[in-house]
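Fold and contact review
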Amino acid sequence: MKIFISHSSKDKKVVDCFVTNILILGCGINESDIFCTSVDGLGIRTGDDFRIHIRQNLLKADYSFLFISNSYKTSDICLNEMGAAWALDNVNVKPFLLPGIGFHSIGTLYSVKQAAKLDDPYALDELFSELTERYKIEKKVSRWNKSKEDFLAVLNQVRKSYIDPIHPTPHEFFSEFVQRNANINELLLACHPTLLDCRRIFSQEYYVKSFEIYCKISVGLIEQSTAPLYPEKKFFKITRLSTSGILSGEDDAPGGMVEAVKYGVFNYNVKFYSVEFLEREETNYGIGYKYFCYVNGRWVFIPKPYFKDILKLD
C-alpha cells in the first residue's frame, strides 16, 4: 500500500503532525508506505529529480491526500499534483480542508461532495475505519482516540495562523456576483462606504469629500439597473494592489492611482481589489469593477476615483 501526501510547504507543521499522529500512530500505517515531502525520511532523497519521484510515487499510490489551504491553492506544484491525482483511476483522492478554507471556496471539489474539514473528528474517525479495514490492520481504538486528540490539539494551536481576517474572503465575496439570481445593484449598494469607511481608506484631508462623492454615485446605482452577470459571465479574476506596493513599484497600477498615492490621498497600506468578470477563464476581456477595499469588517466599493477631476489635484 502507498499513501501520497500533497500539500504546501507552508503547511508542514500540520501535515507532519497528521502523518505522525493520524496515519502512523493512530491507524498503524508503516512509514515506508507513506510518501510525504515534508517529513524527514518519507520524501525525496538528495539528488533525485523531484518531478519524476513525485510521478512515480503517485502512480503507485492507493490514496492521495490533498491538504488544501490558501497556500495550496496558490501553488502551481500543488495544483498540478491535485490534477494528476484526480486523473488517475486507481487513486482514491481524499481532500482535506485546513482552517481558513470553506467548502464554497474550493470549486468542483465541493460540488462532488468529496472534501472534509481536517478538524472534523467524525471525518477522522471515518478515515481510521476505512484505512484499518482496507489494509486489515488491528483497530486499537484507545490508541487512536489519544492520537486523534493530540493531533486536534496541535491543529487548534496553529488555527490562528490560518484564519484569514477577511471574511468573506475575496474569492467568496466576488463569487456572489456570478450567482444565478444575483442583483448587481443590490450587491454594490450593500458595499456603499460609510463616513468611517472613507476615513480608514482616505487621508484626513480627503475622506469627507470622498464620502460625499460616493453618496452621489450610490444614488445612480439606485436609479439605474445593472444587467446581471450570470449566465454570460461565470468566471472572475481578482487583482490586488496596495499603497505600499504602488510606492515601492511592486504593484503595477494605473497612472491616476500612482499619482494619488504619491500625493497622499490614501492612508498608509490600504489594499485595493479590482475584479474582472469573464465569459471564459482563459480570456482577458470582461466587465471590470475598480476598486473594492475591506475595512471595518466589511467589503466597501469605491468606484475608480479619477482624482484630477474629483479631488481637484493639481
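Residues numbered from 1 in each chain as written. Predicted model: local features only at pLDDT ≥ 70, side-chain atom pairs only at ≥ 80, totals over all residues. Heavy atoms only, no water.

Some details on helix α1 (residues 12-26)
- When the local axis directions of α1 are compared, the greatest deviation, roughly 25 degrees, occurs at Phe-18.
- Here α1 has its buried residues at Val-14, Val-15, Asp-16, Cys-17, Phe-18, Val-19, Asn-21, Ile-22, Leu-23 and Gly-26.
- Where α1 is buried, its residues contact β1 (3-6), β2 (34-35), β3 (63-68), α6 (121-134), α7 (141-157) and α8 (159-162). (Bend = angle between axes of the 7 residues up to and from the residue. Helix = DSSP H or I, 4+ residues; strand = E, 2+ residues; numbered from the N terminus. Buried < 20%, exposed > 50% of the residue type's maximum accessible area, 1.4 Å probe, protein only. Contact = heavy atoms within 4.5 Å.)

A few points about the sheet that holds strand β6 (residues 235-242)
- Taken in spatial order, the 4 strands line up as β6-β7-β8-β9 in an open sheet, and their pairing is antiparallel. The sheet is open, and its two borders are formed by β6 and β9 (298-301), each paired with just one other strand. Sheet twist, expressed as the average angle between the axes of neighbouring strands with direction ignored, equals 30 degrees.
- Taken together, the 8 bridges between β6 and strand β7 (residues 271-278) define a ladder with antiparallel strand orientation. By the bridge assignment, Ser-242 is partnered in β7 with Lys-271. (Pairing = 2+ DSSP bridges. Axes fitted to C-alpha atoms, helices over the stretch in contact; angles between N-to-C directions.)

Looking at the packing of α1 against α7
- At a minimum axis distance of 9 Å, the contact between α1 and α7 shows a crossing angle of 175 degrees. The orientation of α1 relative to α7 falls into the category roughly antiparallel. Contacts between α1 and α7 involve Lys-13, Val-14, Cys-17, Phe-18, Asn-21, Ile-22, Leu-25 and Gly-26 from the first element and Arg-143, Trp-144, Ser-147, Lys-148, Asp-150, Phe-151, Val-154 and Leu-155 from the second.
- Of the residues contributing to the contact of α1 with α7, the split by class is 9 nonpolar, 3 polar and 4 charged. (Parallel < 35°, antiparallel > 145°, perpendicular 65-115°, else oblique. Nonpolar A, V, L, I, M, F, W, Y, C, P; charged D, E, K, R; others polar.)

Remarks on the side chain of Thr-243
- Note on placement: Thr-243 falls in helix α13 (residues 243-248).
- With relative accessibility at 3%, the residue Thr-243 sits in the buried group.

Examining the pattern of salt bridges
- Evaluation of the coordinates by the stated rule reveals 9 salt bridges.
- In this structure, Lys-148 and Asp-125 form a salt bridge, with 2.9 Å as the shortest nitrogen-oxygen distance. Taken as a pair, Lys-148 in helix α7 and Asp-125 in helix α6 lie far apart in primary sequence, 23 residues in all.
- Note on Lys-148: relative accessible area 10%, which makes it buried.
- Assessed through its relative accessible area of 26%, Asp-125 is described here as partly exposed.
- Lys-237 serves as the salt-bridge partner of Glu-276, at 3.8 Å between the closest nitrogen and oxygen. Taken as a pair, Glu-276 in strand β7 and Lys-237 in strand β6 lie far apart in primary sequence, 39 residues in all. (Salt bridge = Lys/Arg side-chain N within 4 Å of Asp/Glu carboxyl O.)

Notes on the sheet that holds β2
- Reading across the sheet, the 5 strands line up as β2-β1-β3-β4-β5 and stay open at both edges, with parallel pairing between neighbours. Here the strands that pair on one side only, and so sit at the sheet edges, are β2 and β5 (116-117).
- Of the strand pairs in this sheet, strand β4 (residues 92-97) and β5 are connected by 2 bridges, and their pairing is parallel. Of the residues in β5, the one forming a bridge with Phe-96 is Ala-116.

Side note on helix α4 (residues 76-87)
- If you check α4, its first and last C-alpha atoms are 16 Å apart, about what 12 residues at 1.5 Å a residue would give, namely 16 Å.
- Taken residue by residue, α4 has Cys-78, Glu-81, Met-82 and Ala-85 as its buried positions. Taken down its axis, α4 places every buried residue within 100 degrees of arc, on the same side. Opposite the buried face of α4, by more than 90 degrees, sit the exposed residues Asp-76, Asn-80 and Ala-87. (Expected span 1.5 Å × (residues − 1). Arc of directions from axis to C-beta.)

What about the packing of aromatic side chains?
- Scanning the entire structure with this criterion turns up 29 aromatic pairs.
- Both rings, one in Tyr-289 and one in Phe-301, keep their centres 6.1 Å apart while their planes meet at 65 degrees; by these two values the pair is edge-to-face. Here Phe-301 lies in strand β9 and Tyr-289 lies in strand β8 (residues 286-295), a separation of 12 residues in the sequence.
- Taking relative accessible area as the criterion, Tyr-289 reaches 11% and is therefore assigned buried.
- Ring pairing ties together the aromatic residues Phe-173, Phe-174, Phe-177, Phe-236, Tyr-273, Phe-277, Tyr-289, Phe-292, Tyr-294, Trp-299 and Phe-301, which thus form one cluster. (Phe/Tyr/Trp six-rings, centres within 6.5 Å; stacked < 30°, edge-to-face > 60°.)

Re the environment of Phe-151
- Along the chain, the position of Phe-151 falls in helix α7.
- Sequence-wise, Phe-151 and Asn-21 are 130 residues apart; in three dimensions their C-alpha atoms are separated by 6.0 Å.
- Dropping the residues within four chain positions of it, Phe-151 is found in contact with Val-14, Cys-17, Phe-18, Asn-21, Ile-22, Leu-118 and Leu-124.

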